[in-house]
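An overview of the molecular structure
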Amino acid sequence: MPQSSTLAPATVPSGDLVFYSEFDDFTVWKNALQAQLPTLRILQASEIADPARVHFSLAWKPPEGFFDEMSSLRLIINLGAGVDSLVGRRDLPAGVPITRLTDPHMARMMAGYVLFATLRYARDIPHFEQAQRRGEWAYRHPRSPEDIRVAVLGLGELGSYAANELQRQGLTVLGWSRQPRQLAGIQCFAGLDTLDMVLSQADILVVMLPLTPQTQGLLSREKLTRLPRGAALINVARGALIDQDAMTDLLNNGHLGAATLDVFTREPLPADHPLWRMDNVLITPHLASVAIPSSAAAQIAENILRASRGEQPNNQIDPLRGY
Ligand code: NDP
């Protein structure tokens, strides 16, 4: 679907769309959506007078009870890729499909972050950053990329894109998912039985799994110690996938050489958390990738039209599976 053109007005959606996000700009999203669906009434949550008129929700982390009065909901659109804060809520209306954004521009932005963080380790940049602070010319001969093994846990929309980009850099890439996957040039493994083997081969571990009941705490102390001593960890998925206390200990005692962390069990990461003060840790405040209105509006509009016509929307998540 061309992103610049307005959708043909074959179906004019009835009912209102409610928008909620503490992190995203309502006006920008409204304008992007209105360009696709000029007749759709788009309101912020605070503007809703009659919740029964709301047919569509576009929301990121809405407060508990948000959906309580919305008796005519036809579609819940998660304003992001990860749906862990949505599934399992008590106020979700039964039978209303939930979709998430799977925007290639979002995947590209994520891959950019993962590439940066991985190449920073692959090219020993932290070593040179520290040497520069000491005013030292600390030559370290570059390693060949194929000698560096990068394991990507999660080969979904974001993980597979990032894994492909890493592979294009000549790195040796291993991938891990629930069901077997095939990605050219990447050694793919699936299932819990293979996790220890994948971890034991990872010089750099990139975590790109969704947070579900199966993956919560998956990277326990025991699993993290399967990594080779000195391995680097990059977590761009969710903090609760990893035992954060164990990770901090292992970063302290050198079993983990370094970490780039975009996500934490508690966000914002508390100011007194030891991770803030560790030289071998790079912290960013949960922004490895964000939803981009100009590229995501078309798929949202398409799903609103599909729901209006009584069709199944694209990019539905399975609430039982959790992703
Ligand atoms: P997808 O749902 O497309 O893919 C998830 C992948 O994880 C799939 O390969 C899936 O396996 C695998 N997986 C799920 N459960 C398991 C399991 N129990 N064991 C092994 N593998 C499993 O997700 P995305 O790629 O779109 O996104 C991944 C996560 O990234 C999101 O859930 C979100 O939490 C996070 N995220 C973070 C952002 C940030 O800014 N930091 C921004 C956007 C997303 P299979 O292929 O077999 O289904």
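Residues numbered from 1 in each chain as written. Predicted model: local features only at pLDDT ≥ 70, side-chain atom pairs only at ≥ 80, totals over all residues. Heavy atoms only, no water.

Structural notes on the overall build of the protein
We apply this condition: The helix and strand labels rest on DSSP assignments: H or I over at least four residues marks a helix, E over at least two residues marks a strand, and numbering proceeds from the N terminus. For a compact globule the rule gives 2.2 Å times the number of residues to the power 0.38, and the radius of gyration it is set against comes from C-alpha atoms. Relative accessibility under 20% of the residue-type maximum defines a buried residue, over 50% an exposed one, and the middle range a partly exposed one, all with a 1.4 Å probe and only protein chains included. Whether two residues are in contact is decided by their heavy atoms, any of which lying within 4.5 Å being enough. Exposure was quantified through the Shrake-Rupley algorithm and a 1.4 Å probe, taking into account, for residues, occlusion by the shown protein chains and nothing else. Counted as positive: Lys and Arg. Counted as negative: Asp and Glu. His and the chain ends are not counted at all. Here the site of a charge means NZ on Lys, CZ on Arg, CG on Asp, or CD on Glu.
Regarding its fold elements, the protein presents eight helices and twelve strands. Computed over the C-alpha atoms, the radius of gyration of the protein is 22 Å, within 12% of the 20 Å expected from 2.2 N^0.38 for a compact globule of 323 residues. C-alpha extents for the protein along the principal axes are approximately 65 × 45 × 40 Å. Burial statistics for the protein: of 323 residues in total, 50% are counted as buried. For the protein, long-range pairs separated by at least 24 residues make up 63% of all intrachain contacts whose partners lie at least 6 apart in sequence. When the accessible surface of the protein is split by element, carbon and sulfur atoms take 51% of a total near 15400 Å². With 29 positive and 33 negative side-chain charges, the protein shows a spacing of 3 Å between the two charge centroids.

Some words on the side chain of arginine 89
Worth spelling out the cut-off: Polar contact criterion, stated in full: a pair of N or O atoms within 3.5 Å, where within protein one must be able to donate a hydrogen and the other to accept it, and residues adjacent in sequence count only if both atoms are side-chain atoms.
Tracing the sequence through the fold places arginine 89 in the loop between β4 (75-78) and β5 (98-100). You can call arginine 89 buried: its relative accessible area is 11%. Engagement of the side chain of arginine 89 in a polar contact is seen with the backbone oxygen of proline 63, the distance being 2.8 Å. Beyond its immediate sequence surroundings of up to four residues, arginine 89 is in contact with Pro62, Pro63, Glu64, Gly65, Phe66 and Phe67.

Observations concerning the site of the ligand
As a reminder of what qualifies: Proximity is defined per residue: any heavy atom of the residue falling within 4 Å of a molecule or strand makes that residue near it.
The environment of the ligand is made up of 31 residues, and the closest members are Arg100, Leu158, Gln179, Arg181 and Tyr323. In this structure, an oxygen atom belonging to the ligand sits 3.0 Å away from a main-chain N or O atom of glutamate 157. Here leucine 158 contributes a backbone N or O atom positioned 2.8 Å from an oxygen atom of the ligand. Alone, the ligand offers 940 Å² of accessible surface; in the complex the protein occludes 93% of this. Elements with a contribution of two residues or more to the shell around the ligand: α2 (104-122), α4 (157-168) and β7 (172-177).

Description of the pairing of strand β9 (residues 204-207)
Stated formally: At least two DSSP bridges between two strands are needed for those strands to be called paired.
Residues Ile204 and Val206 of β9 are buried on one face, and the alternating residues Leu205 and Val207, pointing to the opposite face, are buried as well. When strand β6 (residues 149-153) meets β9, the two strands line up parallel, connected through four bridges. Looking at the pairing, valine 152 lines up with valine 206 of β9. Across four bridges, the pairing between β9 and strand β10 (residues 231-235) is parallel.

A look at the UniProt feature "domain: D-isomer specific 2-hydroxyacid dehydrogenase NAD-binding" (unreviewed entry) in the protein
Quick note on the threshold: UniProt positions are given in the numbering used here, feature names are shortened, and annotations may be inferred rather than shown by experiment.
Mapped onto this structure's residue numbering, the UniProt feature "domain: D-isomer specific 2-hydroxyacid dehydrogenase NAD-binding" (unreviewed entry) falls at residues 118-288. Spanning residues 118-288, this segment combines 26% helix with 19% strand, and its end C-alpha atoms are found 13 Å apart.

Some details on α2
Our working rule: A helix's residues, less one, multiplied by 1.5 Å, set its expected span.
Here α2 is 19 residues long and its end C-alpha atoms lie 26 Å apart, about the 27 Å a rise of 1.5 Å per residue gives. Among the residues of α2, Met106, Ala107, Met110, Ala111, Tyr113, Val114, Leu115, Ala117, Thr118, Arg120, Tyr121 and Ala122 are the ones counted as buried. By the N-cap criterion, in which a side-chain oxygen at the helix start approaches the backbone nitrogen of a residue two or three places on, α2 is capped by aspartate 103, the distance to histidine 105 being 2.9 Å. Backbone geometry just after α2 places aspartate 124 at a positive phi near 60°.

Comments concerning the sheet that holds strand β3 (residues 54-59)
Rules: To obtain each axis, a line is fitted to C-alpha atoms, and for helices this fit is confined to the stretch in contact; angles are then taken between N-to-C directions over 0 to 180 degrees.
Spatial ordering of the open sheet is given by β2-β1-β3-β4-β5, a layout of five strands whose pairing is parallel. The open sheet has two edge strands with one neighbour each: β2 (41-44) and β5. Recorded for the sheet is a direction-independent mean angle of 25° between the axes of neighbouring strands. As defined by bridge partners, strand β1 (residues 16-20) adjoins β2 across four bridges and the pair is classed as parallel. Looking at the pairing, valine 18 lines up with leucine 43 of β2. The sheet contacts of helix α8 (residues 293-308) involve β1, β3, β4 and β5, and relative to β4 the element is tilted by about 165°.

Some thoughts on the domain arrangement of the protein
In plain terms, the rule: Domain boundaries shown here were taken from an automatic or database domain assignment. The term buried area denotes the loss of accessible surface (1.4 Å probe radius) that occurs when two parts are joined, taken as the sum for both partners. Each reported salt bridge corresponds to a side-chain nitrogen of Lys or Arg within 4 Å of a carboxyl oxygen of Asp or Glu. Three categories are distinguished: nonpolar for Ala, Val, Leu, Ile, Met, Phe, Trp, Tyr, Cys and Pro, charged for Asp, Glu, Lys and Arg, and polar for the others, with Gly belonging to the last.
When the domains of the protein are assigned, the result is domain 1 (16-103 + 291-309) and domain 2 (104-283). The C-alpha-based centres of domain 1 and domain 2 are spaced at 32 Å. Domain 1 puts twelve residues into the contact, and the matching count from domain 2 is nine residues. Note on domain 1 versus domain 2: buried area summed over both sides is about 880 Å², and carbon and sulfur give 61% of it. The largest contributions to the domain 1 side of the interface with domain 2 come from Asp84, Asp103 and Ile292, which together make up 54% of the buried area. Connecting domain 1 to domain 2 are one salt bridge. For aspartate 84, the salt bridge is made with arginine 238, and the minimal N-O distance between the two is 2.9 Å. There are four residue pairs in polar contact (both at pLDDT 80 or more) connecting domain 1 and domain 2. Among the residues forming the side of domain 1 that touches domain 2, the class breakdown is five nonpolar, four polar and three charged.

Details of the pattern of salt bridges
Per the counting criterion, the structure on display carries 19 salt bridges. Of the charged contacts in the structure, one is a salt bridge between aspartate 249 and arginine 221, with a shortest N-O distance of 2.8 Å. Placement of aspartate 249 in helix α7 (residues 244-252) and of arginine 221 in helix α6 (residues 221-224) is noted, with a sequence separation of 28 residues between them. Assessed through its relative accessible area of 36%, aspartate 249 is described here as partly exposed. Here glutamate 311 and arginine 309 are joined by a salt bridge, their closest N and O atoms 3.0 Å apart.

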